[in-house]
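# Fold and contact review
Each chain, written out:
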Amino acid sequence: MIYGRSSFYGLCSLILCIFSSCSSPVKQLGEGISRSLAESRKTQIADIAYHLSFEIPEDPKEDINGHLELWVSLQDTLQDLVLDFDHADSLVHQVRSEEGERVDFQTVNGHLVIPSRFLQQKNIFSIGFTAGNQALNRRKDYLYSLFVPANASSCFPVVDQPNIKGKYTLNLTIPDHWTALSNEAVVRTESIKNQKQLYFGETMPISSYLFAFTAGVFDSISTTIDDRTYTMLHREPDSLKVLRNADKIVEWHHKSMIWLEKYTQIDYPFNKFAFVLIPSFQFGGMEHPGAIYYKASSLFLDPSHTWQQEKNRARLIAHETAHMWFGDLVTMDWFNDVWLKEVFANFMAAKITQPEFPDIDHDLQFLLSHYPSAYEVDRTRGSHPIQQPLNNLKDAGSLYGNIIYQKSPVVMRMLEQNMGEENFAKGIRAYLQKYAFDNATWDDLMSIMKDYTDYDLDPWNQQWVKSAGMPEIKYNLRIKNDSVSKFTVFTGSKNDNSSIWWPQKLMLEIGTSDSVWSQNVNKDFRVFNVREASGLPSPNYVFNNANGMGYGFFEMKAQTRAYLLENVLKEENSVKRAAIWINLHESVLRGKTEAEKLLMVQVKSLAQEREPLILSYLIKSLDHLYWVYLTAEQREKCVHKIESVLVNQLIRSDKKVKVIYLNFLKRIASSEKALSLLSSLLDGSTDIEGLELSDRDKISIAYELVIRGHQGAVERLNAQTEAINNDDFKRRINFVRNSVVGNIKDRQLFFESFKVSQNRANEEWVLEALTYLHHPYRVEESVSMIQPSLELLQEIKKTGDIFFPKRWLDRTLRYHYSEDALDQVKQFLFRNNSYPQDLKNKILQSSDHLFRSVPARKKWDQKTGAEEEVDTL
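Looking now at the overall build of the protein chain. Of regular secondary structure, the protein chain possesses 31 helices and 28 strands. If one aligns the C-alpha atoms of the protein chain with their principal axes, the spans along those axes are about 95 × 65 × 60 Å. Summarising the internal contacts of the protein chain: among those between residues at least 6 apart in sequence, 73% fall at separations of at least 24. Summed over all atoms, the accessible surface of the protein chain reaches about 34700 Å², with 47% contributed by carbon and sulfur. Between the mean site of the 100 positive side-chain charges and the mean site of the 112 negative ones, the protein chain shows a separation of 4 Å.

Moving on: a negative patch on the surface. Judged by side-chain charge, Glu58, Asp59, Glu62, Asp63 and Asp176 come together as a negatively charged surface patch. By the secondary structure assignment, Asp176 is in the loop between β10 (167-175) and β11 (179-182).

Further remarks concern the layout of surface pockets. Once rolled over the atoms, a probe with the size of a water molecule shows which space is left empty. Estimated volume of the second largest pocket: approximately 540 Å³. Forming the walls of the second largest pocket are 29 residues, and the residues nearest its centre are Glu236, Lys241, Asp302, Asp695 and Asn726. Secondary structure elements with two or more residues in the lining of the second largest pocket: α4 (239-264), β17 (273-278), α5 (296-299), α20 (695-707) and α22 (727-736). When its residues are assigned to classes, the lining of the second largest pocket shows 9 nonpolar, 7 polar and 13 charged.

Next up on the list: the pattern of salt bridges. Going through the model one piece at a time under the given rule, you end up with 40 salt bridges. One salt bridge in this structure joins Asp104 and Arg117, with 4.0 Å as the shortest N-O distance. Taken as a pair, Asp104 in the loop between β4 (92-96) and β5 (106-108) and Arg117 in the loop between β6 (111-114) and β7 (122-130) lie far apart in primary sequence, 13 residues in all. Its relative accessible area of 45% is what places Asp104 among the partly exposed residues. The exposure class assigned to Arg117 is partly exposed, which follows from its relative accessible area of 41%.

What follows concerns the sheet that holds β17. Within the open sheet, the 5 strands sit side by side as β15-β16-β17-β19-β18. Their pairing is mixed. Bordering the open sheet on either side are β15 (219-225) and β18 (285-286), each of which pairs with just one other strand. Bridging between strand β16 (residues 228-234) and β17 involves 4 bridges; their strand directions are parallel. Bridge assignment links Thr231 to a residue of β17, and that residue is Ala274.

Here we take up the side chain of Glu764. Along the chain, Glu764 falls in helix α24 (residues 763-773). A relative accessible area of 11% means that Glu764 is categorised as buried. Residues within four places of Glu764 in sequence aside, it is in contact with Ser280, Phe281, Gln282, Lys295, Arg732 and Arg807.

Counting residues in hydrophobic clusters, the biggest one holds 292 residues, and the most contacted among them are Phe54, Phe156 and Phe487. Top element by residues in this core is helix α16 (residues 612-629). It accounts for 12 residues. Setting aside its immediate chain neighbours within four residues, Phe487 contacts Tyr475, Asn476, Leu477, Leu508, Ile510, Trp517, Phe528, Asn529, Val530, Ala533, Val542 and Asn544.

It is the contact of helix α29 (residues 819-831) with helix α30 (residues 837-846), at a shortest axis distance of 11 Å, that shows an interaxial angle of 165 degrees. It follows that α29 is roughly antiparallel to α30 by the angle criterion. For α29 against α30, the interelement crossing comes out left-handed. The residues of α30 that touch α29, namely those facing Val825, Phe828 and Leu829, are Lys840, Ile843 and Leu844. Broken down by class, the residue content of the contact of α29 with α30 amounts to 5 nonpolar, no polar and 1 charged.

This part covers empty space enclosed by the protein. Per the counting criterion, the structure on display carries 8 cavities of 30 Å³ or more. Taken as a whole, the second largest cavity encloses approximately 50 Å³ of empty space. Lining the second largest cavity we find Leu367, Tyr371, Tyr375, Phe543, Asn545, Gly552, Phe554, Ala579, Ile582 and Asn583. Of all the elements in the fold, those that place two or more residues in the lining of the second largest cavity are α8 (362-378) and α14 (574-589). A per-class count over the lining of the second largest cavity returns 7 nonpolar, 3 polar and no charged.

For α14, which comprises 16 residues, the first-to-last C-alpha distance of 23 Å matches the rise-based estimate of 22 Å (1.5 Å per residue) to within 8%. With 16 of its 16 residues buried, α14 lies for the most part within the structure. Where α14 starts, the residue carrying a side-chain oxygen 3.0 Å from the main-chain nitrogen of Val575 turns out to be Asn573. Phi turns positive one or two residues past the end of α14, at Gly591, with a value near 75 degrees.

We now examine the packing of helix α7 (residues 338-353) against helix α9 (residues 402-419). One can describe the packing of α7 onto α9 by two numbers: an axis separation of 8 Å at closest approach and a directional angle of 70 degrees. One way to sum up the angle between α7 and α9 is to call them roughly perpendicular. Crossing geometry of α7 relative to α9 is assigned as right-handed. On α9, the residues that touch Val338, Trp339, Glu342, Val343, Phe344, Asn346, Phe347 and Lys351 of α7 are Ile404, Tyr405, Ser408, Pro409, Met412, Arg413 and Glu416. Residue composition of the contact of α7 with α9, grouped by class: 9 nonpolar, 2 polar and 4 charged.

Parameters and conventions
Residues numbered from 1 in each chain as written. Predicted model: local features only at pLDDT ≥ 70, side-chain atom pairs only at ≥ 80, totals over all residues. Heavy atoms only, no water. Helix = DSSP H or I, 4+ residues; strand = E, 2+ residues; numbered from the N terminus. Contact = heavy atoms within 4.5 Å. Areas by Shrake-Rupley, 256 points an atom, 1.4 Å probe, with all protein chains shown as cover. Lys, Arg positive; Asp, Glu negative; His and termini not counted. Charge placed at Lys NZ, Arg CZ, Asp CG, Glu CD. Patch = residues over 30% accessible without salt bridge, like charges linked within 9 Å, V, L, I, M, F, W, Y side chains within 5 Å. Salt bridge = Lys/Arg side-chain N within 4 Å of Asp/Glu carboxyl O. 1 Å grid on protein atoms, 1.4 Å probe; cavity = no way out; pocket = protein on both sides within 12 Å on 5 of 7 lines; lining within 4 Å. Points joined across faces, edges and corners; volume = space filled by probe spheres on them. Nonpolar A, V, L, I, M, F, W, Y, C, P; charged D, E, K, R; others polar. Buried < 20%, exposed > 50% of the residue type's maximum accessible area, 1.4 Å probe, protein only. Pairing = 2+ DSSP bridges. Core = buried A, V, L, I, M, F, W, Y, C linked by side-chain atoms within 4.5 Å. Axes fitted to C-alpha atoms, helices over the stretch in contact; angles between N-to-C directions. Parallel < 35°, antiparallel > 145°, perpendicular 65-115°, else oblique. Left-handed = near helix turned anticlockwise from the far one by under 90°. Expected span 1.5 Å × (residues − 1). Polar contact = N/O pair within 3.5 Å; in protein donor to acceptor, adjacent residues only side chain to side chain.

Such coordinate-based values are descriptive only and should not be taken to indicate function.
Next comes the structure, spelled out in structure tokens:
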């Protein structure tokens, strides 16, 4: 359909604008997309469509020429039309009207402004431009766009806000030996000299961050199941690896699709289903409808993969498929509710995968998948509510993190339990039906959910979703005549005077010498007197999270801590055992339990623990305590014991968990015996039954040997690199090795290169390099990199993708434990008192272990072993 124009209407609009003194927004336009600009455009724009063309050369250094035919209907023609394009001032060549007349556009702070005098109710504008490269991840032989959260405007002119959905058609001109993928299918192909043009169909209405295309040298596999076709693009040269994995990958997409259609009672909402596996992709996956992106290594598993990696693959596929309904069909109105799409994707993924893994304890899986990761942020001074304020979309990337990915599923499970599964599902279906191909807020969902429950959602919502912090559940236990006279449980934040408290269901437990008393309570009050406990014998311990479903830090007094440390290995219930381990770890971080005591119990448990989920958690906890909370003397004292246990378990354990022990041994090995074992595994002179080493395993072993200065390690690394037949992986190795080999000066110069944004373009490579620059064996030399790393943070946020700033900080600070490192962070925060709060929060989150471990080591170094508490229960 072609929109007509009326010059008379345009003249009237101009006169009206002049005489009504309507104000142009141009002077008020700041960088990014402010909430006020977004709200103004939402009332102005009635309908919008983008007809885009890109000419993509094979050389990633050459410019990409673009053209946009913008179709836009307006409800208000008296205000200027503001498009977003970061490079509007330099990369827009011309703007013309439907009739071909030149439009005198303006550019300001990353916006392309079409003055109101050129506007009608229905408009078609032709815009010639050069595409910006920031969101076009250009590599040798391929590229892919990545526009989340508001990065489409770094590539082409667009209204880059989630609540103005548009329809997109795409024309790509690419080298003739390339292939391409976008949200819709190719409807026509034309050949040109050494090139071809691909014409893609028009999309359904989608938000700008969901528009996507990738092009390059890819292999394609299409599979049809029950009249549904799934297409996969990949670059994996190992045909056996593809053969081993392809059927399972497609099968999981199909299972997820069928399950979601049944649960939501809405058929798959888009026209096709395809996905591409990208080497070193920044995320696990990204949910573009019709063109899902995945990190190739997350789906193409090695023969040595663990059952946990297999489960993670299933969860990832189910997560991205769930987004087709939760996020793509119904999209958040503003990115302050970005957590809303992520929580449903995580929540539904768990439901989808559970029946397919009947041997897994899914309550245990839920506990260990979400709680420890959520606590990593929620216990810090940089914590924040699940629903966060957002004034400008340029800051939207800072909203992502463990609170929205890990804490929010815990909170959503609470909601389902409070409502009941069937009522919860009915509310979700009503929500999806009402807002299909539209936008909705969390409050919109809450208003629907209230129709399906008698539970008072308002206080629950206010305290769990809209308030920050991790609850601390404490208790008072009075003993009289060797029996309990009063048992009171109360909850609050770190500040006991806070008015914030968290209603939740808890299982309280009191253990005596010959029995265990427990009771489920629905804690809807700040203070709760447990009358039923009166008269119980004086207990050995008190634990207020016996079923592992409570969220928070559960106070354990001295006698309880001592009892649980001694008896945790005897606990037969795996969920309760895991909950105890988690709480003991949290107790160390709060200075209540000495790290060495917990660590030695954990080392003992490595030879006894038969639950792989708990084993994985224990090793992660061990790694953290060993490098950050122990003194150098304590590490020296216990390392050989740990090595011995790991080597023994590596030989004797089940095939499914061998790689878990190997990975920890690689990080901790210091003795010649342990290093020689790693070396012999690498060169094949030692073979452990059931242990299959992938190319990635061998390269990582070689890196660790080089860092230890083991004899011949560099030569082994060179030989192993030469044996790799995957060019993408080989390029990654040749980049990362700069952080591993050479002398201190070489590594320092390599780090300095990251100050140039082009050298940070492949974020996965950079993050791996940072891991080795700040390897625990090198923290004394790398402490000098902390200050410049912090100083780069704002630039990294500006040029990087959503997870990069936090991951940059994590990889930089993870293994530092010194007072010098802590001082570096403190000095930076002091000098930058007015630093952006979102980035300050990230720093506080990533450095939390420094603020805790430095004083904790001092405390236990000075103590004589006597506990300071008077109330020992």
